[in-house]
Amino acid sequence: MMQRPPHEDFSLKETKPHLGGGKATGDKLTSTYDLVEQMQYLYVRVVKAKDLPAKDLTGSCDPYVEVKLGNYKGTTRHFEKKSNPEWLQIFAFSKDRIQASVLEATVKDKDMLKDDFMGRVLFDLNEVPKRVPPDSPLAAQWYRLEDRNGNKLKGELMLAVWWGTQADEAFPEAWHSDAATVSGADSLSSIRSKVYLSPKLWYLRVNVIEAQDLIPTDKTRFPDVFVKAILGNQALRTRSSMSKSINPMWNEDLMFVAAEPFEEPLILSVEDRVAPNKDEVLGRCAIPLQYVDRRLDHKPLHTKWYTLEKHVIITEGDKKKEIKFSSRIHMRICLEGGYHVLDESTHYSSDLRPTAKQLWKSSIGVLEVGVLNAQGLQPMKTKDGRATTDAYCVAKYGQKWVRTRTIIDSAAPKWNEQYTWEVFDPCTVITVGVFDNCHLHGGDNTGGARDSRIGKVRIRLSTLETDRVYTHSYPLLVLHPTGVKKMGEIHLAVRFTCSSLLNMMNMYSQPLLPKMHYVNPLTVSQLDSLRHQATQIVSMRLSRAEPPLRKEVVEYMLDVGSHMWSMRRSKANFFRIMAVFGGLIAVGKWFDQICNWKNPITTVLIHILFLILVLYPELILPTIFLYLFLIGVWYYRWRPRHPPHMDTRLSCADNAHPDELDEEFDTFPTSRPADIVRMRYDRLRSIAGRIQTVVGDLATQGERLQSLLSWRDPRATALFVIFCLVAAVVLYVTPFQVVALLTGFYVLRHPRFRYKLPSVPLNFFRRLPARTDCML
């Protein structure tokens, strides 16, 4: 059996870190990094050297600089045959790991056997100045080189050395002492913090109307014509034309996802199905998307005729003659700017704005996230015979992705990096994921390494109070085939600042999606297909950045594959539905206790309240809303004080059966043996059978309701019609208050006046016919 950790391990913990900087004052912040802990760094900027002594007969040298502080050592690139080199490189040494009191900058000459010492400059750390932004950068100075005995040598080195924090503008591009074990320029660039932007996505609508003057090869049959459209790796086709002629008509829409900058044209081909598996191209055209019209609303654009080219080569004797015959196709093509291109799961959307920037509304606030540190990260790989983790974070909100620097070989990395996003809708979600960097030390060339997922956190902005700093440690939970596993904890500081409370309150009255989604809606199947294409485009574009944001990282952040069948998720959704209806069930039980006089005092009070409401019906609605107001005020004391986080019990992850988890992690199509697939198929059939029964029962009740007046059962309908006539007469001559009082007192009658048998109306309803008799 799987050993489960205690439930407390999965809880959210509030923390009180020592955040650096000042507090918010008005719209401005006194410090850029006020949501993270300050980290001290010793910065060394190596600028250039001059008058370096020659070391060979050619009168030149191959210089580079080695910056050394204790056991940490960083080197610049070397230049060949140059006595006045210019490096312009920055080194950063974390104060937490400093093991020496002297900084040494040594100029060396690159050599095949042993690098030659050319001179050095020493700095006492106690004499190094401090710099606090927004102070201007420290000016570099010339320093004379010395030998190991302190004697002055020929040559000078220009350096700048200062104490600073991660708020320094030199921080992102600096070589960090944490990365001292990383080799190669490519690997070094992949550990630095970066900001990425998703490509601007458009829906491309291709309305194929008709074609003219098609020339099929086979003149003895009516052509079976359809249109195939290809954009990148997306391919769609229309149905075959109903008009079997050389002038076919379709009037069908094809939808694609296109990303700016538009790199590939839309390729259209009109094809004739000449055999079951053989299509003949009757014409083709390529349309660059740069020249396609852009639409911001639902008003139709003008149609255009496009020329279809078909190259036919005819042999006349010994000569080959090429004939170009141009058919035409009638289409309406436009880039839809009024939609929001969905590339995330709709439950966790971080952006709901339309594509066209002209339709954007002003921002309502600012979201600031400080990625502080992580604790207790599980080892993700083995390096040099020992388990290790090289962790970094990725945060995604709107079109902006951020990636922190990678902390090498640490189970408790400290990032202390702060990022800011504009907020346009409070009902959106920011996602923060933690990954293990598997592309260090030339990992790209060792069989396609993939960055391992350590876990992620989602925070819905509407659940946050404005202007409050939330500092919590979130559990990083990942579902494995063996069950749910805690991979560590991530410590975040989050603040949602609202620029206008009125604008934010107004957002709650606005539609969630742009207007075009409601005026000209897309089908569910279209949205699923387009979302898949959008995620593929985003992952492909971000993987081409430098350094790349890997495909597996983007897909994990965008929840690709969340629509796949999962027994665990199905159970969780069922229990969620039961919890929603649990309140109604509880009210029903309470009312049943009232009717059965379990508590006579409460029942008498309900009688009095009922009597007042019937005699004064204008008090019904005010009483209901006042009651809801009082409930809301009463629950204010127990309002949630922490952001929601992933709940293993709600997700049914803490007690999932191993076979159910194995099924969830199975590939699509399946890779399991036939006997296991057969067992799972039978289990699925049994569950589907129960669902089928429940759906059938619901349909039966609805059909019985319809059969009251359908005369399917003539006697039952006659009884109901007569009852309606009598009820109309009685209700016409009897005051409504009397009818309501008699009905209410009858429902609340004492148990001694009740029978255990079902009531007459219920018996009558259950005897009504349904269409179950017509089912095969």
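Residues numbered from 1 in each chain as written. Predicted model: local features only at pLDDT ≥ 70, side-chain atom pairs only at ≥ 80, totals over all residues. Heavy atoms only, no water.

**Quick word on empty space enclosed by the protein**
Reasoning step 1: With the rule as written, the count across this model stands at 3 cavities of 30 Å³ or more.
Reasoning step 2: Of the pockets and cavities examined, the largest cavity occupies roughly 190 Å³.
Reasoning step 3: L201, H340, V341, D351 and Q399 are, among the 16 residues lining the largest cavity, the residues nearest its centre.
Reasoning step 4: When its residues are assigned to classes, the lining of the largest cavity shows 5 nonpolar, 5 polar and 6 charged. (1 Å grid on protein atoms, 1.4 Å probe; cavity = no way out; pocket = protein on both sides within 12 Å on 5 of 7 lines; lining within 4 Å. Points joined across faces, edges and corners; volume = space filled by probe spheres on them. Nonpolar A, V, L, I, M, F, W, Y, C, P; charged D, E, K, R; others polar.)

**Thoughts on the confidence of the model for the protein**
Reasoning step 1: Summary statistics for the protein give a mean pLDDT of 86 and a share of 93% for residues scoring 70 or more.
Reasoning step 2: For the stretch residues 1-6, pLDDT sits under 50, and the model shows 5 contacts to residues farther than four places along the chain or on other chains.
Reasoning step 3: In the model, residues 22-30 has pLDDT below 50 throughout and makes 9 contacts with residues more than four positions away in sequence or in other chains. (pLDDT = per-residue confidence, 0-100. Contact = heavy atoms within 4.5 Å.)

**Brief notes about the pairing of strand β15 (residues 225-231)**
Reasoning step 1: For β15, the tally of buried residues reaches 5 of 7 residues, placing the bulk of the element in the interior.
Reasoning step 2: One ladder, built from 4 bridges, connects β15 with strand β16 (residues 234-237); its direction is antiparallel. Paired with L231 across the two strands is Q234, which belongs to β16.
Reasoning step 3: Two successive antiparallel strands, β15 and β16, enclose a turn made up of 2 residues, where G232 displays a positive phi of approximately 65°. (Buried < 20%, exposed > 50% of the residue type's maximum accessible area, 1.4 Å probe, protein only. Helix = DSSP H or I, 4+ residues; strand = E, 2+ residues; numbered from the N terminus. Pairing = 2+ DSSP bridges.)

**Concerning the UniProt feature "transmembrane region" (unreviewed entry) in the protein**
Reasoning step 1: In this numbering, the UniProt entry assigns the feature "transmembrane region" (unreviewed entry) to residues 574-591, 603-636 and 718-748.
Reasoning step 2: Summarising residues 603-636: 85% helix, 0% strand, and an end-to-end C-alpha distance of 28 Å.
Reasoning step 3: End C-alpha atoms of residues 718-748 are separated by 30 Å, and the span's content is 90% helix alongside 0% strand. (UniProt positions renumbered as here; feature names shortened; annotations may be inferred.)

**Topic: the packing of aromatic side chains**
Here a ring pair, both rings aromatic, is described through the centre-centre distance and the interplanar angle of the planes.
Reasoning step 1: One pass over the structure, following the stated rule, counts 14 aromatic pairs.
Reasoning step 2: Here the aromatic rings of Y43 and W162 are separated by 5.3 Å at their centres, their planes lie at 20°, and the arrangement is stacked. Here Y43, found in strand β4 (residues 40-50), pairs with W162, found in strand β11 (residues 152-165); they are 119 residues apart in sequence, far enough to count as distant.
Reasoning step 3: Accessibility expressed as a relative area gives 2% for W162, which makes it buried.
Reasoning step 4: Judged by centre distance (6.1 Å) and plane angle (55°), the rings of W360 and F424 are tilted. Within this pair, whereas W360 is found in the loop between β22 (319-336) and β23 (365-375), its partner F424 is found in the loop between β28 (414-423) and β29 (429-436), the two being separated by 64 residues in sequence.
Reasoning step 5: Residue classification places W360 among the partly exposed residues on the basis of a relative accessible area of 25%.
Reasoning step 6: Put simply, the rings of Y41, Y43, W162 and F171 pair up and form one aromatic cluster.
Reasoning step 7: For K400, the ring lying beneath its charged end belongs to W421, and the centroid distance is 5.5 Å. (Phe/Tyr/Trp six-rings, centres within 6.5 Å; stacked < 30°, edge-to-face > 60°. Lys NZ or Arg CZ within 6 Å of the ring centre and 35° of its normal.)

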